[in-house]
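# Geometric and topological summary
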Amino acid sequence: MVFLVAIIMLAAGFGAAYYILPRGGTPPAKTNLLVGTNMPFPPFEDFNRSNGEIEGFDIDIAALVATELGRTLVVRQFSSFTTLLATVGTGGVDMSVSAITMSGSAGSQRNATMDFSDPYYNANQGVLVQTGSSLTCAASTCTNASLASLNVGVQQGTTSESWLNDNKVASTTVTVFQTVDLEVAALTAGSIDAVLIDLDPAESLASPGSGLRVAGAIITNELYGIAVPNGDPDNILSAINTVLARIRASGAYDTLILKWFG
Amino acid sequence: MIRIRGLHKSFGELHVLRGIDLDVSQGEVSCIVGPSGSGKSTLLRCINLLIEPDRGDIFLEEVRITDPQIRPEWVRQQVGMVFQSFNLLTHLTALRNVTLGLTKVKGMEAAAARDKAIFELERVGLAHKVDAYPAQLSGGQQQRVAIARALAMDPKVMLFDEPTSALDPEYIREVLDVMTTLANEGMTMIVVSHEMGFARNVADDVVLIDEGVVVERGPPEDIFDRPTHERTRAFMSKILR
Amino acid sequence: MRLWSHASRWAFAVMIACAAITVATALGQAGVYDGRYAWGIAAELAEGFIGTAALVSAVIPVGFAFGFLVGWGRTTRSWFARSVATGYVEFFRGMPPLVLIVFSSLSAAVLLRRYLYVEDPFLASLLVGVLALGFHSGGYQAEIIRAGIQSVPRGQIEAAYAMGLTPRQTLLSVVMPQAFRVSLPALGNEFSSAIKDTALLSAISAFELSQLAGFLARDALTINVRMVVIPWIEAAILYFALTFLVVRGVKAVENRVKVPGLEAPSL
């Protein structure tokens, strides 16, 4: 009896909410800019222990956009890259600055669910190994052949994963991880031989004393873009592009590069 | 006190009670015997409506309790039952077992219920075990608590479903003694039992039930010593060694 | 005699703990690991511990509440209640908790943004994810409680009815107390499972211990690669402590509701 009543109440509540809740029409103006990002991906976004903030190149860019729009920056971290992409696609965040590749096959796939700004960074892939690893690449440039017979870790949903799956030689094993933390931990422990990740994070992770080094770069010439939900429902894309153009012209972009990439 | 007319009960395909007619007068001790599967337990459980009869009527003091308007709980307050496997509530002390019905069903105050419970437990000889849990009692003691529990409700009729069949031999005596005392005090009792000694000495009426009908009934001497029906003779010869 | 054995058990435990701390400190000073670092991150991990404890204190009660209702619903006479309850159990046990958490949390976030114009639905979506995990745990707890209810001997229910108790009175006075007692050990088991499952809530950015340990471990890379394992060891100790506390709590409840004479014999 109690159950019947409960079910009926639930259904009634749902029905009532459907009619009561506002739909369509003009939503109220937003005061926040909700930005989604996936950490850690230094130096683009990382967690600063001393002040408990999320910081990075991407975050600074997002801050500039927020100022341009006159809104308060709110950064939300997603612990899985695929979850982040899904959230952007469904409008769960206003925009996402998270080293998202907009070019190539991955880019066109992502274009189905999100729109991108003008490119704001040019990136390549890097191969991260333990310092003691025997892997060397001629002229610090690796190819898919360099990864033969190796167990290579990648983060799920990234271009690293798609590049490796598309280009690997038969003897390469691919291990997929949810976060960068996990793949770095596996590499340090020795359960995988290498990690394929964007070059800048690779260099950032291979800090002195970390026991890791970059064996070499894989040239993919990827372009990062800032993502908004499909159709730019919030109408912020033009503002984003304005900001990007302005900082390039004024030299503020170069200052940021210097700040984060040394 | 109890009148049963044309009682039928089936469980699926199995037609267990096939038209039972029975009368039990006030103060009478009626002993029901018969082969297993004859429907004795089912009959007992119909009297206090634990089982709903398919057809037929049961009258308790001229009230037709098989009337769907009658609340089973009302009937059960007036009909006490003692089970073969005692069925004490294992998470409660002997005292709490007895007071539960008093407080929850009769709505008695806790203090009054406690007094009554102690009285009933003294009556069955277990005043010293009021705070014991069933797991700490012997089989005979548990059954006596069960009897006290049923008596506490001041029932008009007491039903006993093979009360000693699950007891070790050394405990059967103490339970039968309590039942005998109860009978002598004038309680109306319907007892399903294989204890022929009890039936012969205490029962006013012995009823043989076989295949769901009453085959024969009468005073113990008649049924045991001078059975008239063939089936009665057959049953008696099997159990009276 | 009982008091002494009780006290001596505690004294023994304290001695073991002191010995362990002494050994750990000595190892640190001997350079096996960086003692200062280990103690330094302990404070941060303690915050993570509190975060996990907060999540646990939401997940377990939600699970118990729904587990109780649904477990009971599975045993009622109402066909409707049984169907709904069975549906609940099948759904929430069959769904991988991570999928459940992420899906429900993100759906909530998107719905809140789109229809209620909530700008930053983080807290609400976190709550939804926690509730989802609670429901998941509830699915398992429901089965435990159902088994407990069904373990109450039918004869006792008969006897209760024979005394004139209504089905509802019987449920409250006869069935539930015994079902609860019987269910406790298995529930303790499920609680410790739920504690570990809270680590999944990091997928929706809940502040909890395992994700923090991961951060600190990677951070340790910038100091010295040999220290990477320290945050994980400390986190493991904290998880063990939390599980130990919860299970002990359940055991304490077990002892309080224990029925004399029904203790299981030692084999």
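Residues numbered from 1 in each chain as written. Chains lettered and ligands numbered in written order. Predicted model: local features only at pLDDT ≥ 70, side-chain atom pairs only at ≥ 80, totals over all residues. Heavy atoms only, no water.

## Things to note about the overall build of chain A
A count of helical and extended segments in chain A gives nine helices and 11 strands. Based on the C-alpha atoms only, the size of chain A along its principal axes is roughly 65 × 60 × 40 Å. Sorting the 262 residues of chain A into buried and exposed places 51% on the buried side. Once local pairs closer than 6 in sequence are excluded, the contacts in chain A between residues at least 24 apart make up 73%. In the structure as shown, chain A presents an accessible area of about 11,300 Å², 58% of it carried by carbon and sulfur atoms. Taken as two groups, the 11 positive and 22 negative side-chain charges of chain A have centres that lie 5 Å from each other. (Helix = DSSP H or I, 4+ residues; strand = E, 2+ residues; numbered from the N terminus. Buried < 20%, exposed > 50% of the residue type's maximum accessible area, 1.4 Å probe, protein only. Contact = heavy atoms within 4.5 Å. Areas by Shrake-Rupley, 256 points an atom, 1.4 Å probe, with all protein chains shown as cover. Lys, Arg positive; Asp, Glu negative; His and termini not counted. Charge placed at Lys NZ, Arg CZ, Asp CG, Glu CD.)

## Overview of the interface of chain A and chain C
With 42 residues of chain A at the contact, the number on the chain C side is 34 residues. Roughly 3,300 Å² of surface becomes buried between chain A and chain C when both sides are summed, with 60% attributable to carbon and sulfur atoms. Across the chain A-chain C interface, the total number found is one salt bridge. Asp94(A) is the partner of Arg113(C) in a salt bridge, and the nearest nitrogen-oxygen pair spans 2.5 Å. Residue assignment for the side of chain A that touches chain C shows that the elements contributing at least two residues are helix H1 (2–20), strand S1 (32–37), strand S2 (46–48), strand S4 (72–77), helix H3 (81–90) and helix H6 (180–189) of chain A. Across the side of chain A that touches chain C, the residue classes tally to 20 nonpolar, 15 polar and seven charged. (Buried area = accessible area lost by both parts, 1.4 Å probe. Salt bridge = Lys/Arg side-chain N within 4 Å of Asp/Glu carboxyl O. Nonpolar A, V, L, I, M, F, W, Y, C, P; charged D, E, K, R; others polar.)

## Topic: the side chain of Thr232(B)
Residues and elements named next belong to chain B. With respect to the helices, strands and loops of the structure, threonine 232 is situated in helix H9 (residues 230–239). The class for threonine 232 is buried, based on a relative accessible area of 0%. Within polar-contact distance, the side chain of threonine 232 engages the side chain of glutamate 216 at 2.6 Å. Excluding residues within four positions of it along the chain, threonine 232 makes contact with Leu208, Val215, Glu216, Ile223 and Pro227. (Polar contact = N/O pair within 3.5 Å; in protein donor to acceptor, adjacent residues only side chain to side chain.)

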